[in-house]
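# Examining the three-dimensional arrangement
What follows is each chain in one-letter form.
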Amino acid sequence: MSTEFYTQSEVVLEDGQLLPALAASSALPMLLTPVELKGRVLIDGGFVNPTPYDVFQDPNLLPVGIDLTGSDYSDKSGLPSGLETWIGSFSITLHSLVAAKLACARPDLLIEPPIGKFKTMDFFKIEAILEAAEPAKDVFKRELGALLEKT
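I will try to describe carefully the structure that is included in this document. From a predicted model like this one, the values you see are computed outputs, not experimental measurements.

What counts as what
Residues numbered from 1 in each chain as written. Predicted model: local features only at pLDDT ≥ 70, side-chain atom pairs only at ≥ 80, totals over all residues. Heavy atoms only, no water. 1 Å grid on protein atoms, 1.4 Å probe; cavity = no way out; pocket = protein on both sides within 12 Å on 5 of 7 lines; lining within 4 Å. Points joined across faces, edges and corners; volume = space filled by probe spheres on them. Nonpolar A, V, L, I, M, F, W, Y, C, P; charged D, E, K, R; others polar. Helix = DSSP H or I, 4+ residues; strand = E, 2+ residues; numbered from the N terminus. Expected span 1.5 Å × (residues − 1). Buried < 20%, exposed > 50% of the residue type's maximum accessible area, 1.4 Å probe, protein only. Contact = heavy atoms within 4.5 Å. Pairing = 2+ DSSP bridges. Axes fitted to C-alpha atoms, helices over the stretch in contact; angles between N-to-C directions. Phe/Tyr/Trp six-rings, centres within 6.5 Å; stacked < 30°, edge-to-face > 60°. Lys NZ or Arg CZ within 6 Å of the ring centre and 35° of its normal.

The next point concerns the layout of surface pockets. One number sums up the size of the second largest pocket: a volume of about 160 Å³. In terms of lining residues, the second largest pocket is bounded by Val12, Leu13, Glu14, Asp15, Gly16, Gln17, Pro20, Ala21, Leu37, Lys38 and Arg40. For the lining of the second largest pocket, the per-class residue count stands at five nonpolar, two polar and four charged.

This is the structure in structure tokens:
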């Protein structure tokens, strides 16, 4: 999933080379360079569809959503810095997009791992992120099993 920068539209990357697609789908403005593919300038797909459970419209598929847009600032107080405000504003916008989308149509299974205390660029904290997400993994396994039994 990526966003075409100039048309501000969703682009589903279904074929082609994997590495450019991954680079495009994670190209955050000011942090990672946009990617040009097939004449389109692509950035992170989250700007148009942060939790893309609705991309595949095949009735034989069970849509699953994993929402990573929630942030947890409950341990913060005082005024945020300029950068914290900028990043937090993106988080608020993305979370609002997902909430609006969920109000219209929900996936068959939605998981929201409690990883909101981590920041966008916490790539090197992967072990802590996975540990924090561990309870959601168990819920996912259990709910997916129940969903598959029903179908």
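Here the focus is helix α2 (residues 82–104). Between the first and last C-alpha of α2 there are 34 Å, a value that for 23 residues agrees with the 33 Å anticipated at 1.5 Å per step. Every buried residue of α2 is listed here: Gly88, Ser91, Val98, Lys101 and Leu102. Along its buried surface, α2 packs onto β6 (109–111).

What follows deals with the sheet that holds strand β3 (residues 35–37). Read from one edge to the other, the open sheet built from four strands follows the order β2-β1-β4-β3, with strand pairing classed as antiparallel. Two strands close off the open sheet at either side, each with one partner strand: β2 (9–11) and β3. On average, adjacent strands in this sheet sit at an angle of 45° to one another, irrespective of strand direction. Strand direction decides the pairing type here: β3 and strand β4 (residues 40–44), joined by three bridges, are antiparallel. Along β4, the bridge assignment pairs Glu36 with Val41. Strands in contact with helix α1 (residues 18–25) are β1 (2–4), β3 and β4; relative to β3, the strand with the most contacts, it is inclined by about 130°.

With that out of the way, let us pick up unusual backbone geometry. Of note, Gln8 is a non-glycine position whose phi angle comes to about 55°, a positive value. The exposure class assigned to Gln8 is exposed, which follows from its relative accessible area of 63%. For Lys38, which is not glycine, the phi dihedral falls at a positive 50°. Considering the arrangement of structural elements, one finds Lys38 in the loop between β3 and β4.

What follows deals with the packing of aromatic side chains. This structure, assessed with the given rule, holds three aromatic pairs. Consider the rings of Trp86 and Phe90, whose centres lie 5.0 Å apart with planes at 80°: the pair is edge-to-face. Highlighted residues: Trp86 and Phe90, both in helix α2, separated by four residues, approximately one helical turn. Members of the aromatic cluster, joined through ring pairs, are Phe47, Trp86 and Phe90. The ring of Tyr53 carries Lys101 above its face, with NZ or CZ at 4.4 Å from the centroid.

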